[in-house]
Amino acid sequence: MRIRKEPDAMQESDVLLIAEVSDAFAHPVRIRMFRYIMKCNRERTPVCNKDLIEEFGYAQATTSQHIRKLVDAGLLEQKKQDKFTYLFANLGRVQMYVNAVRKFD
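Because the structure is a prediction, the values reported are computed rather than measured. (Residues numbered from 1 in each chain as written. Predicted model: local features only at pLDDT ≥ 70, side-chain atom pairs only at ≥ 80, totals over all residues. Heavy atoms only, no water.)

### Overview of the nonpolar core
The biggest cluster of nonpolar side chains holds 24 residues, and the ones touching the most others in it are I37, I67 and L75. Of all the elements, helix α2 (residues 28–42) adds the most residues to this core, at six residues. Apart from residues no more than four positions distant in its own chain, L75 is found in contact with V21, A24, F25, F34, L70, F88, A89, N90, R93 and V94. (Core = buried A, V, L, I, M, F, W, Y, C linked by side-chain atoms within 4.5 Å. Buried < 20%, exposed > 50% of the residue type's maximum accessible area, 1.4 Å probe, protein only. Helix = DSSP H or I, 4+ residues; strand = E, 2+ residues; numbered from the N terminus. Contact = heavy atoms within 4.5 Å.)

### With respect to the pairing of strand β1 (residues 76–81)
Remark: a regular strand shows side chains that alternate across the two faces of the sheet. For β1 and strand β2 (residues 84–89), the ladder comprises six bridges, and the chain directions are antiparallel. By the bridge assignment for β2, K80 is matched with T85. Taking the residues between adjacent antiparallel strands as the criterion, β1 and β2 are bridged by two residues, where D82 takes a positive phi near 55°. (Pairing = 2+ DSSP bridges.)

### Some words on the packing of helix α1 (residues 12–24) against helix α5 (residues 91–103)
Their axes nearest at 9 Å, the elements α1 and α5 cross at an angle of 120°. Here α1 is positioned oblique relative to α5, judged by the angle of their axes. Considering only the axes of α1 and α5, their crossing is left-handed. Together, D14, L17, I18, E20, V21 and S22 of α1 and R93, M96, Y97, A100, V101 and K103 of α5 make up the contact between the two elements. Residue classes in the contact of α1 with α5 are distributed as seven nonpolar, one polar and four charged. (Axes fitted to C-alpha atoms, helices over the stretch in contact; angles between N-to-C directions. Parallel < 35°, antiparallel > 145°, perpendicular 65-115°, else oblique. Left-handed = near helix turned anticlockwise from the far one by under 90°. Nonpolar A, V, L, I, M, F, W, Y, C, P; charged D, E, K, R; others polar.)

Written as structure tokens, this is what we have:
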């Protein structure tokens, strides 16, 4: 007699998404920066790396490393305009993450 396996609602892509985004949010500074960028986006205030340096007081290199981690996870989008690169929160990616976590059991 063969025992039938129940289908797993969680796809491999969901597992990878959870791992990638969780890794990006694993540092408290990145969470604070992401929230700050979301707030600025809501208020339609442009935000770039220099704004984060002013707000959080970290060195430019440190701030850039944190931003890179968030960009690589798909949580931030960058738009280059003149000599500045503006940051935008990717709320669609956050919603995908939340949906994947809900399947986690």
